[in-house]
Amino acid sequence: MAAQKRIGVYPGSFDPVTRGHLDIIARGADLFDRLVVGVLANPEKAPSLSPEERVELIRGEVKDDPRVEVRPFEGLVARLCDEVGARWILRGVRSEADLTTELPMALSNRLLGKAETVFLPARAELAFISSRLVRDIARLGGDLSPFLTPRVAREYARSFRKA
Ligand code: ADP
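What you see is a predicted model; the values in this text were computed from it and never measured.

What about the site of the ligand?
Okay, step 1: If you check the shell around the ligand, you find 17 residues, and the closest are Tyr10, Ser13, Phe14, Lys45 and Gly92.
Okay, step 2: At a separation of 2.5 Å, an oxygen atom of the ligand approaches a polar side-chain atom of Ser13.
Okay, step 3: Here a nitrogen atom of the ligand and a backbone polar atom of Leu126 are 2.9 Å apart.
Okay, step 4: Those elements that place two or more of their residues in the shell around the ligand are β1 (7-12), α1 (19-29), β4 (88-93) and α4 (96-112).

Here you go:
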């Protein structure tokens, strides 16, 4: 019998995807046979980009890695895990504050489904980055290069100007 594939789901809003997220994706891809990046289509916070734009920005960065799949999703992460056959949920932890919100989510997801949450500590030099910070700096016309890859920075600034 073929060994079961180890599939992980990395859910988030990715509004927009930052160097911190991409680092978690690269390190997470090494942990699993397949990593599904789930882009939350309708987060409670009004997103600055549409789900399709957020998905495309991530795809542009991971297209050379066949282990990574990017797709939009709505609703429960536990349901997405069931759909794609994932037994693990991947989350990045930047600080104690992140853990305070992540731990109840991890415990809830364990009750809602079968997936176990795996936490990866943020890379120290990227731990200050959040999509929120990027949105604020973009709105004020600041340089996004410390936070975003050149391609994401270019496309994000363009879509931001259109809005
Ligand atoms: P949410 O909207 O649920 O906060 P995000 O899209 O901001 O989701 O982030 C998705 C995941 O990526 C979360 O686990 C978050 O902690 C993690 N993350 C966000 N920024 C970074 C970063 N700079 N380094 C490592 N992990 C991060």
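A few points about the sheet that holds β1
Okay, step 1: Strands sit in the order β3-β2-β1-β4-β5 across an open sheet of five strands; the sheet is parallel. The sheet terminates laterally at β3 (68-73) and β5 (116-121), the two strands that pair on one side only. Between one strand and the next, the sheet's axes are offset by a mean angle of 30°, whatever the strand orientation.
Okay, step 2: Pairing between β1 and β4: two bridges, direction parallel. Among the inter-strand pairings, Gly8 is bridged to a residue of β4, identified as Trp88.
Okay, step 3: Packing against the sheet, α1 makes contact with β1, β2 (34-40), β3, β4 and β5, and its axis sits at approximately 120° to β5.

Topic: the nonpolar core
Soluble globular proteins tend to bury their nonpolar side chains together.
Okay, step 1: If you look at the biggest cluster of nonpolar residues, it comprises 31 residues, and the most contacted ones within it are Ile25, Ile58, Val70 and Leu148.
Okay, step 2: At the level of secondary structure, the elements contributing two or more residues to this core comprise α1, β2, α2 (51-62), β3, β4, α5 (131-139) and α6 (150-162).
Okay, step 3: Ile7, Val36, Leu80 and Ile89 belong to the second-largest nonpolar core, a separate cluster that totals 11 residues.

What counts, and where the lines are drawn
Numbers given for residues are sequential positions, taken from 1 along each chain in its written order. Residue-level local features of this predicted model are given only where pLDDT is at least 70; pairs of side-chain atoms are given and counted only at 80 or more, and the full residue set underlies all totals for whole chains, interfaces and linings. By convention in this description, side-chain values take in all heavy atoms of the structure and omit both hydrogens and water. Definition of nearness: a residue and a molecule or strand are near each other if at least one heavy atom of the residue lies within 4 Å of the molecule or strand. Polar contacts, as counted here, are pairs of nitrogen or oxygen atoms within 3.5 Å of one another; within protein the pair requires one atom able to donate a hydrogen and one able to accept it, and residues that are adjacent in sequence qualify only if both atoms are side-chain atoms. Only DSSP runs of H or I reaching four residues or more are called helices, and only runs of E reaching two or more are called strands; each is numbered from the N terminus. The pairing criterion is simple: DSSP has to find at least two bridges between the two strands. Working convention: axes come from line fits to C-alpha atoms, limited for helices to the stretch in contact. Angles between N-to-C directions cover 0 to 180 degrees. Whether two residues are in contact is decided by their heavy atoms: any pair within 4.5 Å suffices. Buried Ala, Val, Leu, Ile, Met, Phe, Trp, Tyr and Cys residues that are joined via side-chain atoms within 4.5 Å together make up what is termed a nonpolar core. A simple rule labels every residue: compare its accessible area, found with a 1.4 Å probe on the protein chains alone, to the largest value its type can have, and call it buried under 20%, exposed over 50%, or partly exposed in between.

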